[in-house]
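Now for the letters of each chain:
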Amino acid sequence: MHSLGFLVSPSASASSTSTTRRGALRSLLPPAAAGALAAAGLPAWANAYPARPLKTVISFPPAGATDILARLVAHTVGEKIGQSIMVENRPGAGGTLGLDAVARAPADGYSLYLAAVTNQMIAGHLYPTKADLQRDFVPVALIANAPHLLIVNNEVPAKTMAEFVTWLRSKSGTVNFASQGTGTLSHLESELLLQRTGTQAVHVPYKGSAMAVTDMLSGAVSFMFDSVAASLPLIQAGKVRALAVASSTAVPAVPNLPTVTQAGVSGYDVDNWFGIYAPKGTPQAAVDLLAKATAEVLKEKSTIDELIAKGYVVTPGDGAKLAALTQADHRRWGEVIKTAKVSL
């Protein structure tokens with residue numbers, strides 16, 4: 001567990017701390033929510049929240065794309081609300097361990113879940129879980145899209161997507177492709193590509209991208225989808241080639257790389273959404289405060305520049321937009337899994 005970013009110094013007086021928090025609440029809450037709290041019932045809670053550090057749980061290990069995003073958002077949002085936000089890594093079981101843990105936490109505004117929404121929706125079709133992101137949580141804010149790139153090893157002769165599809169067809173299902181594990185986004189992205197192009201290939205699952213990349217460089221596997229952050233150093237070193245971006249729009253970190261759809265594969269767009277959720281029953285005033293703080297930090301140039309440099313596309317949105325994307329992803333990936341006959 002890691003603690004990030006105190007705005008209020010531990011040495012500050014209790015009076016100063018209380019004043020800072022009240023000011024943060026007044027400035028960030030929508031007028032209606034602030035007025036409702038002040039009017040009756042919860043004035044003490046309104047003055048105090050947040051009275052202690054918050055915790056954001058993620059379902060991935062340290063140093064990955066989700067962890068990097070979580071720590072940046074925790075630090076900047078923590079500064080806005082006048083409290084630190086700790087990040088806790090709870091990987092395992094396709095992301096369901098972390099999800100279950102937050103679903104069981106008190107719905108008091110102090111426990112949050114930063115969801116890799118697309119991965120979570122895939123896992124929901126494959127792993128048994130006690131909690132459900134759509135049923136047991138309240139959407140707070142959409143943060144970003146972390147697109148993946150289609151990368152191939154240097155033994156693959158294709159230089160464009162069209163050449164790649166032609167090459168795949170000529171190999172009659174003998175090409176190996178890597179993924180970060182069965183049922184992960186990187187697996188389903190390749191399955192969707194094969195479905196859309198009418199081609200075949202052999203899936204070789206790995207535990208994460210590091211081992212997969214090692215075998216790609218050796219020639220044991222020919223292609224995979226991986227994050228921009230992980231792929232860029234390999235591309236820049238000339239160790240692999242990128243053919244396209246999986247997402248629906250171009251990625252600022254690789255502006256000259258076309259999307260898969262732009263490269264000629266119709267009906268292919270994979271956006272890797274990230275958003276903040278809170279346990280169902282969390283006070284609306286807390287949700288509003290966190291949503292407003294998140295929206296504000298995602299407008300700051302320093303935050304935008306840092307996220308772009310790490311391969312993200314900043315896509316700020318409210319809880320309603322996050323809920324709609326989550327629902328759409330659940331439906332879409334269920335169909336891909338059924339068609340590809342994916343099982344664990």
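Residues numbered from 1 in each chain as written. Predicted model: local features only at pLDDT ≥ 70, side-chain atom pairs only at ≥ 80, totals over all residues. Heavy atoms only, no water.

**Student:** Just to check I follow, could you spell out the overall build of the protein chain for this structure?
**Tutor:** When its secondary structure is counted, the protein chain shows 13 helices and 11 strands. Counting across all 344 residues of the protein chain, residues that qualify as buried make up 51%. Relative to all contacts within the protein chain whose residues are 6 or more apart in sequence, the contacts with residues 24 or more apart total 80%. (Helix = DSSP H or I, 4+ residues; strand = E, 2+ residues; numbered from the N terminus. Buried < 20%, exposed > 50% of the residue type's maximum accessible area, 1.4 Å probe, protein only. Contact = heavy atoms within 4.5 Å.)

**Student:** Hey, could you run me through the pattern of salt bridges in this one?
**Tutor:** Two side chains carrying opposite charge are able to pair once their charged atoms lie near each other. In the structure shown here, the tally under the stated rule is 10 salt bridges. A salt bridge links lysine 80 to glutamate 296; its shortest N-O distance comes to 3.5 Å. Residue lysine 80 is located in helix 4 (residues 65-81), and its partner glutamate 296 is located in helix 11 (residues 284-297); the two are separated by 216 residues in the primary sequence. Relative accessible area serves as the criterion here: at 29%, lysine 80 is assigned to the partly exposed category. Residue classification places glutamate 296 among the partly exposed residues on the basis of a relative accessible area of 25%. A salt bridge links arginine 135 to aspartate 136; the shortest N-O distance between them is 2.7 Å. If you follow the salt bridges from partner to partner, you end up with Lys80, Lys292, Glu296 and Glu300 in one network. (Salt bridge = Lys/Arg side-chain N within 4 Å of Asp/Glu carboxyl O.)

**Student:** Which parts of the structure should I look at to understand the side chain of threonine 326?
**Tutor:** For threonine 326, the position within the fold is in helix 13 (residues 319-340). Exposure remark for threonine 326: the relative accessible area of 0% places this residue in the buried category. A polar contact is formed between the side chain of threonine 326 and the backbone oxygen of leucine 322, at a distance of 2.8 Å. (Polar contact = N/O pair within 3.5 Å; in protein donor to acceptor, adjacent residues only side chain to side chain.)

**Student:** I tried to follow the packing of aromatic side chains on my own but got confused; where do I start?
**Tutor:** Centre-to-centre distance and the angle between the planes together describe a pair of aromatic rings. For the structure shown, the criterion picks out 8 aromatic pairs. Ring geometry for phenylalanine 164 versus phenylalanine 223: centroids 5.1 Å apart, planes at 80°, classification edge-to-face. Linking phenylalanine 164 in helix 7 (residues 161-170) with phenylalanine 223 in strand 8 (residues 223-227), this pair joins segments that are 59 residues apart in sequence. We classify phenylalanine 223 as buried; its relative accessible area is 0%. Their ring planes at 85° and their centres at 6.5 Å tell us that phenylalanine 274 and tyrosine 312 sit as a pair that is edge-to-face. (Phe/Tyr/Trp six-rings, centres within 6.5 Å; stacked < 30°, edge-to-face > 60°.)

**Student:** Looking at this model, I keep getting lost on helix 10 (residues 228-236). Mind explaining?
**Tutor:** Structural remark: α-helix, 3.6 residues per turn; residues separated by three or four positions point the same way. Among the residues of helix 10, those classed as buried are Val228, Ser231, Leu232 and Leu234. Contacts from the buried residues of helix 10 go to strand 5 (148-153), helix 9 (209-218), strand 8 and strand 9 (240-245). Phi turns positive one or two residues past the end of helix 10, at glycine 238, with a value near 75°.

**Student:** What is the right way to read helix 13 from this model?
**Tutor:** Along its 22 residues, helix 13 runs 31 Å from first to last C-alpha, staying within 8% of the 32 Å computed at 1.5 Å per residue. Of the residues making up helix 13, those classed as buried are Gly319, Leu322, Leu325, Thr326, Asp329, Trp333, Gly334, Val336 and Ile337. Buried residues of helix 13, seen end-on, are gathered within an arc of 165° and therefore sit on one face of the element. When the buried face of helix 13 is taken as reference, the exposed residues oriented beyond 90 degrees from it are Ala320, Arg331, Glu335, Lys338 and Thr339. The opening residue of helix 13 is aspartate 318, an N-cap whose side-chain oxygen sits 3.3 Å from the backbone nitrogen of alanine 320. Lysine 341 occupies a position one or two residues after helix 13 and carries a positive phi of about 55°. (Expected span 1.5 Å × (residues − 1). Arc of directions from axis to C-beta.)

**Student:** So what exactly am I meant to see when it comes to the sheet that holds strand 3 (residues 111-116) here?
**Tutor:** The sheet built from 6 strands is open, its strands ordered 2-1-3-10-4-11 with mixed pairing. The sheet is open, and its two borders are formed by strand 2 (85-89) and strand 11 (313-318), each paired with just one other strand. Adjacent strand axes in the sheet meet at a mean angle of 25°, parallel and antiparallel pairs treated alike. Judged from the 3 bridges that link them, strand 1 (residues 54-58) and strand 3 form a sheet pairing that is parallel. Residue pairing in the sheet places threonine 56 in a bridge with leucine 112 of strand 3. The sheet strands contacting helix 4 are strand 1, strand 2, strand 3, strand 4 (137-145) and strand 10 (273-279), and the helix crosses strand 2 at an angle near 160°. Sheet strands in contact with helix 11 are strand 1, strand 3, strand 4 and strand 10, and its direction is about 5° off that of strand 4. (Pairing = 2+ DSSP bridges. Axes fitted to C-alpha atoms, helices over the stretch in contact; angles between N-to-C directions.)

**Student:** I tried to follow the nonpolar core on my own but got confused; where do I start?
**Tutor:** Nonpolar side chains in soluble globular proteins tend to end up buried together. Residues Leu54, Leu69 and Ile143 are the most contacted members of the largest nonpolar core, which totals 34 residues. Elements represented by at least two residues in this core include exactly strand 1, helix 4, strand 2, strand 3, strand 4, strand 10 and helix 11. For this core, the element with the highest residue contribution is helix 4, accounting for 7 residues. (Core = buried A, V, L, I, M, F, W, Y, C linked by side-chain atoms within 4.5 Å.)

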